[in-house]
Amino acid sequence: MMRNFLMMATATLALTACGGEKTVYSDAEGNEVKVTREGDGDASEIKITSADGSATVNIDSGGTDAKLPLGLAVYPGARVVSTMTSNADGKSGGMVVMESSADRDTVVAWYRKAVEAKGFKIESEITTQDMRAISGTKDGGSFSLQVAPAESGSSITLIAGEG
């Protein structure tokens, strides 16, 4: 299972970078992963299929909206830099990278209040000189938020998924 996951991740990155349309990867034991890409460099849908199942990954660079699982949202007033969503075995996940003029403490405080209102339990919090992060879980889902200083405020990365 881990080998197929690594093959899928490698295939996704390779296909995204080279702009290919359909590629089949196999390992020494003959396990195959088929990767199909549609779209251009700014917005792509990548379908990954193996004997273990299938997954769809949507990548959008510079989009104006982001759809995250578990009812999580883009920080108010933030500019979406890029998004990635996936769906495998009926479970969804996503990542959004944003920029905001708000400082990192304000962003983290807003997300803490928002996720706790949705029933998430904060399980870890990290603060360093360069970054603040919180993560938590709820009913089989989890999220991770990282906020770092940027030129005009904060760079925000929010990752959430089911399962």
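So, a few notes on the structure that sits alongside this text. (Residues numbered from 1 in each chain as written. Predicted model: local features only at pLDDT ≥ 70, side-chain atom pairs only at ≥ 80, totals over all residues. Heavy atoms only, no water.)

What about the environment of T49?
As a reminder, the rule being used: Think of it this way: any DSSP run of H or I at least four residues long counts as a helix, any run of E at least two long counts as a strand, and we number them from the N terminus. We call two residues in contact when some of their heavy atoms are within 4.5 Å.
Along the polypeptide, T49 turns up in strand β3 (residues 43–50). Each C-alpha atom of the pair T49 and E32 lies 8.4 Å from the other, and the pair is 17 residues apart in sequence. T49 has contacts with E32, V33, K34 and S54, leaving out every residue within four places of it along the chain.

Focus on the pairing of strand β2 (residues 32–39)
Put simply, the test is: One bridge is not enough; two strands pair if DSSP finds at least two bridges between them.
In this sheet, β2 lies alongside strand β1 (residues 22–26) in antiparallel orientation, the contact comprising five bridges. Note that in β2 the partner of S26 across the bridge is E32. Linkage of β1 to β2, two consecutive antiparallel strands, is achieved through a turn of five residues, within which G30 is found at a positive phi near 90°.

Section: the pattern of salt bridges
Close approach of charged atoms allows side chains with opposite charge to pair. The criterion, for reference: For this document, the term salt bridge refers to a Lys or Arg side-chain nitrogen within 4 Å of an Asp or Glu carboxyl oxygen. Only protein chains enter the accessibility calculation, which uses a 1.4 Å probe; a residue whose area is less than 20% of its type maximum is buried, one above 50% is exposed, and one in between is partly exposed.
According to the stated counting rule, one finds five salt bridges in the structure shown. Between E99 and R79 there is a salt bridge, with the nearest N and O atoms lying 2.9 Å from each other. Taken together, the residues E99 in strand β6 (residues 91–100) and R79 in strand β5 (residues 79–88) connect sequence positions 20 residues apart. Using a relative accessible area of 37% as the deciding quantity, one classes E99 as partly exposed. Here R79 falls in the partly exposed class, since its relative accessible area comes to 47%. Across the salt bridge formed by E125 and R132, the nearest N and O atoms sit 2.5 Å from each other. Each of the salt bridges in this network shares a partner with another, and the network as a whole consists of D105, R112, E116, E125 and R132.

Some details on helix α2 (residues 104–117)
Here is the rule: Here the expected span of a helix is defined as 1.5 Å times the quantity of residues minus one. It is the directions from the helix axis to the C-beta atoms that the arc portrays. Between N or O atoms, a polar contact is any pair within 3.5 Å; within protein, one atom must be a potential hydrogen donor and the other a potential acceptor, and residues adjacent in sequence are included only when both atoms are from side chains.
With 14 residues, α2 ought to run about 20 Å at 1.5 Å a step, and its terminal C-alpha atoms sit 20 Å apart, in line with that. Taken as a whole, α2 has its buried residues at R104, V107, V108, Y111 and V115. Along the long axis of α2, the arc covered by the buried residues comes to 95°, so they all point the same way. Residues of α2 that are exposed and angled more than 90 degrees away from the buried face: K113 and A117. Those residues of α2 that are buried are in contact with β6, β7 (121–127), β8 (132–138), β9 (141–150) and β10 (153–162). If you check the start of α2, you find a side-chain oxygen 3.0 Å away from the backbone N of D105, and it comes from D103. One or two residues past the end of α2 sits G119, with phi positive at roughly 95°.

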